[in-house]
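Okay, here's what each chain looks like letter by letter:
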Amino acid sequence: MPLSQPAAREHLHTRAIEINGYRRADGLFDIEAHLTDRKSYGMANVDRGYIEAGELLHDLWMRLTVDEHLHITAVEAVSDETPYKLCPAAAPNFARLTGLQIKGGFLREATRLVGGTVGCTHLRELLQQMATTAYQTVNPSRVRREMAAEGKAGEQHGSDAFDKRITEKWGGVSKILNTCLAYDEKGPLVQRRWPNLYIGPDRMPETAAE
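Only a predicted model underlies this, so the values are computations on that prediction, with no experimental measurement involved. (Residues numbered from 1 in each chain as written. Predicted model: local features only at pLDDT ≥ 70, side-chain atom pairs only at ≥ 80, totals over all residues. Heavy atoms only, no water.)

Visitor: Looking at this model, I keep getting lost on the environment of H58. Mind explaining?
Guide: Mapped onto the secondary structure, H58 falls in strand 5 (residues 56–66). Look at H58 and you get buried, because its relative accessible area is 9%. For the pair H58 and E81, spaced 23 residues apart in the sequence, the C-alpha separation amounts to 4.9 Å. In this structure H58 touches L35, T36, D37, E81, T82, P83 and H122, once residues within four positions along its chain are discounted. Separated by 2.9 Å, the side chains of H58 and D37 make a polar contact. (Helix = DSSP H or I, 4+ residues; strand = E, 2+ residues; numbered from the N terminus. Buried < 20%, exposed > 50% of the residue type's maximum accessible area, 1.4 Å probe, protein only. Contact = heavy atoms within 4.5 Å. Polar contact = N/O pair within 3.5 Å; in protein donor to acceptor, adjacent residues only side chain to side chain.)

Visitor: Can you walk me through the pairing of strand 2 (residues 29–39) in this structure?
Guide: Regular strands place their side chains on alternate faces of the sheet. The pairing of strand 1 (residues 13–23) with strand 2 spans 11 bridges and is classified as antiparallel. Bridge pairing links I19 to A33 in strand 2. The turn joining strand 1 and strand 2, which pair antiparallel and follow one another in sequence, is formed by 5 residues; a positive phi near 95° is taken by G27. (Pairing = 2+ DSSP bridges.)

Visitor: Would you mind showing me how to read the pattern of salt bridges here?
Guide: Side-chain pairs of opposite charge can arise whenever the charged atoms involved come near each other. Within this structure, the stated rule accounts for 16 salt bridges. The partner of E76 in a salt bridge is R63, and the shortest N-O contact between them spans 3.2 Å. Taken together, the residues span a long stretch of sequence, with E76 in strand 6 (residues 72–81) and R63 in strand 5 at a distance of 13 residues. Given a relative accessible area of 29%, R63 falls into the partly exposed group. For E146, the salt bridge identified is with R165, shortest N-O distance 3.3 Å. Of the two residues, E146 sits in helix 2 (residues 121–149) while R165 sits in helix 3 (residues 160–169), which places them 19 residues apart along the sequence. The exposure class of R165 is buried, given its relative accessible area of 17%. (Salt bridge = Lys/Arg side-chain N within 4 Å of Asp/Glu carboxyl O.)

Visitor: Quick question: what am I supposed to make of the environment of D47 here?
Guide: Take D47: it is sitting in the loop between strand 3 (43–45) and strand 4 (49–51). Sequence separation of D47 and K85 is 38 residues, and the distance between their C-alpha atoms is 6.1 Å. In contact with D47, not counting residues within four places along its chain, are P83, Y84 and K85. At a separation of 2.7 Å, a polar atom in the side chain of D47 contacts the main-chain amide nitrogen of K85.

Written out as structure tokens, the structure reads:
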């Protein structure tokens with residue numbers, strides 16, 4: 001359901017982020033992000049003169065190209081609209097991320113390479129969501145192809161068998177256990193998918209060895 005009715009208020013700012021995942025004809029994957037910022041009011045700007053209400057304050061793009069193991073093979077970033085003339089010079093520096101693998105520690109390593117004065121705060125903020133989108137794009141694509149090749153296409157698209165295999169691509173259930181409400185080791189999802197790991201109050205006692 002939607003949020004509750006808000007208090008009386010004035011709309012001031014809109015940030016929109018859209019991230020799409022694509023499987024390319026060459027077998028690689030593109031994770032493409034677009035970020036925009038708009039104000040509901042006009043504002044003076046030294047570099048742009050005046051930014052009208054609703055005009056783009058930020059219009060930023062980034063594309064990560066990754067392989068099936070989430071190694072980054074190419075990075076492209078573009079800053080089409082920014083509040084300062086010098087901002088677009090940071091975008092090419094994100095090519096430094098080429099060669100990294102999206103895995104634990106990725107954001108820390110990315111910050112080392114494009115943090116501070118060599119990068120752009122808003123492009124850098126996209127990386128966390130792009131990494132999540134990469135997982136959501138690449139691993140299900142791999143599992144779909146594998147299961148189709150095994151004649152198990154009917155078990156795809158949200159089934160427990162399908163999702164359990166995606167979990168294997170992430171490094172196993174130990175990587176996601178207790179990371180959110182759904183994967184609580186005392187919860188119904190773990191009870192259904194991984195009963196051996198379930199520790200809820202109604203866990204069936206182990207049968208004593210005869």
